[in-house]
Amino acid sequence: MNKKELAELRKNFSESSDLFVINHAATAFVDAEKQIRCLNSRAYHDIPTEENECLIATLKRVLSGTLGKGLLEYEFPQEAYEEGGSQAILYAALNSKLKDESAVSMLMDQIVSRMDYVSTYAVLVAHCTYTVFQKSRNDEVDPYQSYDYSFLVTAICPVEVRVDGLIYNEDDNAIEKKKAYDRIVAEIPTDGFLYPTFTGRGPDVNHVLYFAHKPKDVNVSIVENVLGCHFTQTAQEQRETFQGLMQEIVADELSYAVITSVNEKISDIAAEYTNEPELPIVDDIHVRDILLDSGVSQEKAEEMQMAYREAIQDKPITVGNLVESKTTIRFDGVTISIGKDATDKVRTQCVNGRRYLLIDLEDPAVEINGLTARVAADSPPVQANVPSESEEESAPEDDADAQ
């Protein structure tokens, strides 16, 4: 499933779309003891308007996020197709259109019994249909050729217990403490999934799309135990893997110039594929070439290439997971955040045996703690820190101090 297909599905996941309809919905409340307290399955048109508006808004959030980060596609392993396997359970629920009580119960039990969750929660599942019109090679829609893509979308939402304190009691015309409490189903799901995926503008029953509201906090139990898939690294873990290898292998060749150059070249790859439907990846050859182009020695670049290949195995890292939106320098209680278009305004310099971080100021006005100050051309502190032209020519760069 690529970015273009996801965008098409998102666009049409709405009651205002003539091509989309929710046919049936199943909901369940699960208590802290992992007991299903209620389980309802209803035709969507039987659900009151104010309720179904909340339902569709919550379910649509399962399609939000970025592919490769908060939206992770998984292929089912062979054992998932066996009787009682995760794919078999999902497929049965899909074919039943959530009208078969047994199929719905099996799906809910698969979620509740196998998922780790820290609080009470609600499970919302909908059977949906999207009418897909065929397209020509020129991306033109053929109004006479269409088929239905049927899918399940599941949202797992925490249930919050709310006591609003003092309330106005209209019957007694008094302000008093609220005696009852509400169990509010959160509008934003923490997790969810789409099955089957919308691949090649059609259903792919061999894959499932998992959603995590917080990409850094993936519920692995859903991926491995509920969906029965083999978990891969989160976007954050992929970035940490890459950074760990850089720190270990490139080590003493790391400098401000090298680090910012690597990020710039990875960003260039991402920009090159912005309008492409498929997610670009960074393989070991990319890593080697990026390091060589950034000034790293061939020995270190090739060592990094081999280590990277070993670390990722057959699961290349997507480019977007390695791009840093800004450059941050930290040392001795000082933090400097540099925008991606301003990295060339900063450099490190060794002058008379002392190391400096220099920032070129095109405008003498700078903002400090919300106040505008001017840096005078003849300011003594600045003159003391900035080398003369002759010193700049003779003094070697000491970029290692920007690590």
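Up top is the structure.
Note that this is a predicted model, so its numbers are computed, not measured.

About the criteria used
- Residues numbered from 1 in each chain as written.
- Predicted model: local features only at pLDDT ≥ 70, side-chain atom pairs only at ≥ 80, totals over all residues.
- Heavy atoms only, no water.
- Helix = DSSP H or I, 4+ residues; strand = E, 2+ residues; numbered from the N terminus.
- Rg over C-alpha atoms; globule rule 2.2 N^0.38 Å.
- Buried < 20%, exposed > 50% of the residue type's maximum accessible area, 1.4 Å probe, protein only.
- Contact = heavy atoms within 4.5 Å.
- Areas by Shrake-Rupley, 256 points an atom, 1.4 Å probe, with all protein chains shown as cover.
- Polar contact = N/O pair within 3.5 Å; in protein donor to acceptor, adjacent residues only side chain to side chain.
- Axes fitted to C-alpha atoms, helices over the stretch in contact; angles between N-to-C directions.
- Parallel < 35°, antiparallel > 145°, perpendicular 65-115°, else oblique.
- Left-handed = near helix turned anticlockwise from the far one by under 90°.
- Nonpolar A, V, L, I, M, F, W, Y, C, P; charged D, E, K, R; others polar.
- Patch = residues over 30% accessible without salt bridge, like charges linked within 9 Å, V, L, I, M, F, W, Y side chains within 5 Å.
- Salt bridge = Lys/Arg side-chain N within 4 Å of Asp/Glu carboxyl O.
- Core = buried A, V, L, I, M, F, W, Y, C linked by side-chain atoms within 4.5 Å.
- Pairing = 2+ DSSP bridges.
- Expected span 1.5 Å × (residues − 1).
- Arc of directions from axis to C-beta.

Enquirer: What exactly am I supposed to notice about the overall build of the protein chain here?
Expert: Along the protein chain, the regular secondary structure elements total 11 helices and 20 strands. Taking 403 residues into account, the globule formula puts the C-alpha radius of gyration at 22 Å, and the protein chain, at 28 Å, lies well above it. Each principal axis of the C-alpha distribution contributes one length, and for the protein chain these read about 80 × 65 × 45 Å. Taken over 403 residues, the protein chain has a buried fraction of 41%. Restricting to contacts in the protein chain with at least 6 residues of sequence separation, those with at least 24 account for 65%. Accessible surface computed for the protein chain: about 22,900 Å², of which carbon and sulfur atoms make up 47%.

Enquirer: Got a minute to help me understand unusual backbone geometry in this structure?
Expert: The bulk of non-glycine residues show a negative phi, and the bulk of peptide bonds are trans. Each neighbour pair has its own omega, and for Y195 with P196 the value is -10°, a cis peptide bond. Its location among the elements puts P196 in the loop between β9 (191-195) and β10 (197-199). Backbone geometry at D332 places phi at a positive 45°, although glycine is not the residue there. Take D332: it is sitting in the loop between β15 (326-331) and β16 (334-339).

Enquirer: For this particular structure, what's the right way to read the environment of L279?
Expert: One can find L279 in the loop between α7 (256-272) and β13 (281-282). Taking the relative accessible area as the measure of exposure, L279 reaches 33% and is therefore partly exposed. Sequence separation between L279 and N2 is 277 residues, and the spatial gap between their C-alpha atoms is 7.1 Å. If sequence neighbours within four positions are ignored, L279 has contacts with K3, L67, G68 and T318.

Enquirer: What should I look at first to understand the side chain of T318 in this one?
Expert: Within the secondary structure layout, T318 lies in strand β14 (residues 317-318). Here T318 falls in the buried class, since its relative accessible area comes to 16%. Within the local environment of T318, its side chain forms a polar contact with the side chain of N321, the two groups lying 2.9 Å apart. Beyond its immediate sequence surroundings of up to four residues, T318 is in contact with G68, Q238, L279, P280 and I281.

Enquirer: In this structure, what is going on with the packing of helix α8 (residues 284-293) against helix α9 (residues 298-312)? I would like to understand it.
Expert: Between two packed helices, both the angle of their axes relative to each other and the distance between the axes serve to describe the pair. Look at α8 against α9: their axes get within 8 Å of each other, and the N-to-C directions meet at 155°. When the interaxial angle is binned, α8 and α9 end up roughly antiparallel. Note that α8 runs across α9; the crossing there is right-handed. Contacts from D284, I285, V287, R288, L291 and L292 of α8 reach α9 at Q298, A301, E302, M304, Q305, Y308 and R309. Considering only residue class, the contact of α8 with α9 consists of 7 nonpolar, 2 polar and 4 charged.

Enquirer: What is the right way to read a nonpolar patch on the surface from this model?
Expert: Taken together, the side chains of L166, Y168 and I175 present a nonpolar region at the surface, about 380 Å² in accessible area. Looking at where I175 falls in the secondary structure, it is placed in strand β7 (residues 174-177).

Enquirer: Quick question: what am I supposed to make of the nonpolar core here?
Expert: Here is a general trend for soluble globular proteins: nonpolar side chains tend to be buried in one another's company. Counting residues in each nonpolar core, the largest one holds 34 residues, and the members touching the most others are I111, V208, Y210 and L227. Broken down by element, this core gets its largest block of residues, 5 residues, from helix α4 (residues 101-114). Excluding anything up to four places from it in sequence, Y210 contacts G70, L71, L72, Y74, D191, G192, F193, V218, N219, I222, V223 and L227.

Enquirer: Please explain the pairing of strand β18 (residues 354-359) as it appears in this structure.
Expert: Judged from the 6 bridges that link them, strand β17 (residues 346-351) and β18 form a sheet pairing that is antiparallel. The residue of β18 that forms the bridge with C350 is R355. Between β17 and β18, which follow one another and run antiparallel, lie 2 residues, and N352 among them has a positive phi close to 50°.

Enquirer: Looking at this structure, how should I read α9?
Expert: The α-helix winds at 3.6 residues per turn, so residues separated by three or four positions along the chain end up facing the same way. If you check α9, its first and last C-alpha atoms are 21 Å apart, about what 15 residues at 1.5 Å a residue would give, namely 21 Å. Within α9 the residues assigned to the buried category are K300, A301, M304, Q305, Y308 and I312. Buried residues along α9 cover an arc of 140° about the axis, so they all sit on one side. Of the exposed residues in α9, those oriented more than 90 degrees away from the buried face are E299, M306 and E310. The elements touched by buried residues of α9 are α6 (235-250), β13, α8 and β14. Q313, located one to two residues past α9, shows a positive phi value of around 55°.

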